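# Survey of secondary and tertiary structure
Spelled out from the first residue to the last, the chains are:
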Amino acid sequence: MLASLAIPYQIPLIMFVSERGTLGEFNYGQSLVCRTMRPVLDLLAMEHHTATRLDEFEFIVDRSIKQAITTQAPVALILSPLLTGGKVVRQVSDLMNSAPASLPATPR
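Note that this is a predicted model, so its numbers are computed, not measured.

Thresholds, definitions, all that
- Residues numbered from 1 in each chain as written.
- Predicted model: local features only at pLDDT ≥ 70, side-chain atom pairs only at ≥ 80, totals over all residues.
- Heavy atoms only, no water.
- Patch = residues over 30% accessible without salt bridge, like charges linked within 9 Å, V, L, I, M, F, W, Y side chains within 5 Å.
- Areas by Shrake-Rupley, 256 points an atom, 1.4 Å probe, with all protein chains shown as cover.
- Salt bridge = Lys/Arg side-chain N within 4 Å of Asp/Glu carboxyl O.
- Helix = DSSP H or I, 4+ residues; strand = E, 2+ residues; numbered from the N terminus.
- Buried < 20%, exposed > 50% of the residue type's maximum accessible area, 1.4 Å probe, protein only.
- Pairing = 2+ DSSP bridges.
- Right-handed = clockwise from strand over helix to strand, strands pointing away.
- Contact = heavy atoms within 4.5 Å.

### A few points about a nonpolar patch on the surface
A contiguous nonpolar patch, built from Met-1, Leu-5, Tyr-9 and Ile-11 and spanning about 440 Å² of accessible area, is present on the exposed surface. Residue position: Leu-5 is located in helix α1 (residues 2-6).

Structure (C-alpha cells):
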C-alpha cells in the first residue's frame, strides 16, 4: 500500500506504529519486523519519527501531521515501548497461580 498507493499518489497518510520486537519481546517474528521496519521506510524515502517520551509526543505528532499535509507525503510515527510500556509477558509462576484450583473430572 505504501509503495504502490500512498507514496506515488502523494497521500498524506499518517501511520501510528506500535514498535514491537525490542526491549524484551518474546515473539521472534516481531523482532524481525523491528529490525527491518526502519530500513524499509528509509528505502521508500518515507519520513518516520520515534516517540520515546510522553513529553515529546505532542510535538512529534503535531509537526509530523503538518509535514505530511504540506508535503503531501506519508509519515510513520513509531511508538516506542519506552512510551507505551511494551508487551508484558506473564511469567509461568503467574500463570500457575491464576489457574483454577481444581479441574473438572473428565469422563472415561
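Still to come is the rest of the account.
### Some details on the pairing of strand β3 (residues 75-79)
The buried fraction of β3 is high, at five of five residues. Burial of the side chains of β3 extends over both faces: Val-75, Leu-77 and Leu-79 are buried on one face and Ala-76 and Ile-78 on the other. By the bridge criterion, five bridges tie strand β1 (residues 14-18) to β3 in an arrangement that is parallel. Along β3, the bridge assignment pairs Met-15 with Ala-76. Pairing of strand β2 (residues 47-51) with β3 involves five bridges; the strand directions are parallel. From the neighbouring strand, His-49 faces β3, where its bridge partner is Leu-77. After leaving β2, the chain enters helix α3 (residues 54-71) and then returns to the sheet as β3, a path that is right-handed.

### Describing the side chain of Glu-56
As for its placement among the helices and strands, Glu-56 is situated in helix α3. A relative accessible area of 18% places Glu-56 in the buried class. Those residues in contact with Glu-56, other than ones at most four positions away along the chain, are Thr-50 and Ala-51.

### Some thoughts on the side chain of Glu-19
Mapped onto the fold, Glu-19 is located in the loop between β1 and α2 (28-43). Not counting residues up to four positions away in its chain, the partners in contact with Glu-19 are Cys-34, Met-37, Arg-38, Thr-50, Ile-78, Leu-79, Ser-80 and Pro-81.

### Topic: the environment of Leu-44
Here Leu-44 lies in the loop between α2 and β2. By relative accessible area, Leu-44 is classed as partly exposed at 25%. Along the primary structure Leu-44 and Ala-3 are separated by 41 residues, whereas in three dimensions their C-alpha atoms are 6.9 Å apart. Those residues within four positions of Leu-44 in sequence are excluded, and the remaining contacts are Leu-2, Ala-3 and Ile-7.

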